Number of protein chains: 2
Amino acid sequence: MAAKTKNPVQAAAPAPAAATLPPYRLTEQVGHLLRRAHQRESAIFQDNMGDAATPTQFAALAMLTERGPLSQNHLGRLIAMDPATIQGVVQRLGERKLVDRVPDPVDKRRFLVRLTRRGVEAYEAMEDRARAVTRETLSPLEPDEQAQFIALLKRLG
Amino acid sequence: MAAKTKNPVQAAAPAPAAATLPPYRLTEQVGHLLRRAHQRESAIFQDNMGDAATPTQFAALAMLTERGPLSQNHLGRLIAMDPATIQGVVQRLGERKLVDRVPDPVDKRRFLVRLTRRGVEAYEAMEDRARAVTRETLSPLEPDEQAQFIALLKRLG
DNA sequence: CTCCTGTTGTTCGTATACGAACGAGTGTGG
DNA sequence: CCACACTCGTTCGTATACGAACAACAGGAG
């Protein structure tokens, strides 16, 4: 159901053109809904992962697994994080020995960030749970709706 | 693992139990996509609003406009914010004189948070721009897709 | 009334998130 | 070779975001 519907039901004040705008309802706005959906996903993530990693930290580990060692800023760009943000994330992963930093031989400004043995193991132990997080997050939707939602969501990036 | 590795190119049928799981791609996960979409919306919001208010602050002003004076925690619940978070938001709105706190006559624990004159004016000056933010955020989608996206997003709340 | 439970708002600690400014290094144009 | 623009990673300041713990108060059971 989505077309040029006439919808006589909600016509509270069909007034002339420039007249009454529909009221602004915060709970109808994309921004608010996106914020809440993201909030919910984070909560589900934490329920499933406990202290293993935050969503952001897991994203870094996943990208390093996918792409191998990367410079810090490059890693940040791949997962959409500010240099200032990725700095803290890498630092905390380093403190927990999940990640390593070696100077780049060619470019003295850079460090190559790479997974340690512990980092690889930690990631492998989390991947299944990460899949479960995605499933649980999308569980209010039917399978075809899930695919549609993901497709639309990608186009807002 | 025995059996014949038939390897049907891309059969619609999901592989049997122990077979290869599809690789985990961070950029396909709802969590990551939600985070990025929310990020983009925040950026659009800031472009349109400048220093007038943050998305969170605007949400508080909008809800106070919709519902009138509210206790701090109640306001927080309506816009999905922790008591610890709404505390800071109300405080900063108070420092900018957009909001006011009067003790609740019936319940000595509570304060009623309400818009000041300046708060009302500030909100009114922002509402149109907030509508523009929603439009711009959803602009990569066709109108019917926008409606569908919003409908699906609501069900993930 | 007293005790108990739950709510209200606060504070602390931690983790994103990003703008702005910075020193150090790189690469290009001249 | 030098000057200049750009990049890399860092730091500071500010604003969410939330768990945990807290004192003060509210409302009901006994």
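Structure first, text after, so check above.
Residues numbered from 1 in each chain as written. Chains lettered and ligands numbered in written order. Predicted model: local features only at pLDDT ≥ 70, side-chain atom pairs only at ≥ 80, totals over all residues. Heavy atoms only, no water.

Counting secondary structure elements, chain A contains 6 helices and 3 strands. Moving toward the C terminus, one meets the helices and strands of chain A in the order α-α-β-α-α-β-β-α-α. In chain A, which comprises 157 residues, the share counted as buried stands at 39%. Partitioning the contacts of chain A with sequence separation of at least 6, the portion at a separation of at least 24 is 47%. Accessible surface computed for chain A: about 9,400 Å², of which carbon and sulfur atoms make up 53%. (Helix = DSSP H or I, 4+ residues; strand = E, 2+ residues; numbered from the N terminus. Buried < 20%, exposed > 50% of the residue type's maximum accessible area, 1.4 Å probe, protein only. Contact = heavy atoms within 4.5 Å. Areas by Shrake-Rupley, 256 points an atom, 1.4 Å probe, with all protein chains shown as cover.)

Contacts to DNA strand C come from 25 residues, most closely from A:T54, B:R35, B:Q72, B:N73 and B:R109. In DNA strand C, atoms within 4 Å of the protein come 76% from sugar and phosphate. The contact in question runs from a base nitrogen of DNA strand C to an N or O atom on the side chain of A:R109, over 3.1 Å. Residue B:Q39 places a side-chain N or O atom 3.4 Å away from a phosphate oxygen belonging to DNA strand C. When contributions to the surface near DNA strand C are tallied by element, the ones reaching two or more residues are α2 (55-67) and α4 (83-95) of chain A together with α1 (30-49), α3 (72-78) and α4 (83-95) of chain B. A per-element tally of the surface near DNA strand C places α4(A) first, with 4 residues. (Near = heavy atom within 4 Å. Polar contact = N/O pair within 3.5 Å; in protein donor to acceptor, adjacent residues only side chain to side chain.)

Each copy superposes on the other: chain A lies on chain B with an RMSD of 0.1 Å after a rotation of 180° and an axial shift of 0.0 Å. Both copies are brought into coincidence by an operation consistent with a two-fold rotation axis. Interface overlap between copies: 98% of the residues of chain A at the interface are likewise at the interface in chain B, consistent with a symmetric, same-surface contact. (Least-squares fit on C-alpha atoms with pLDDT ≥ 70 in both.)

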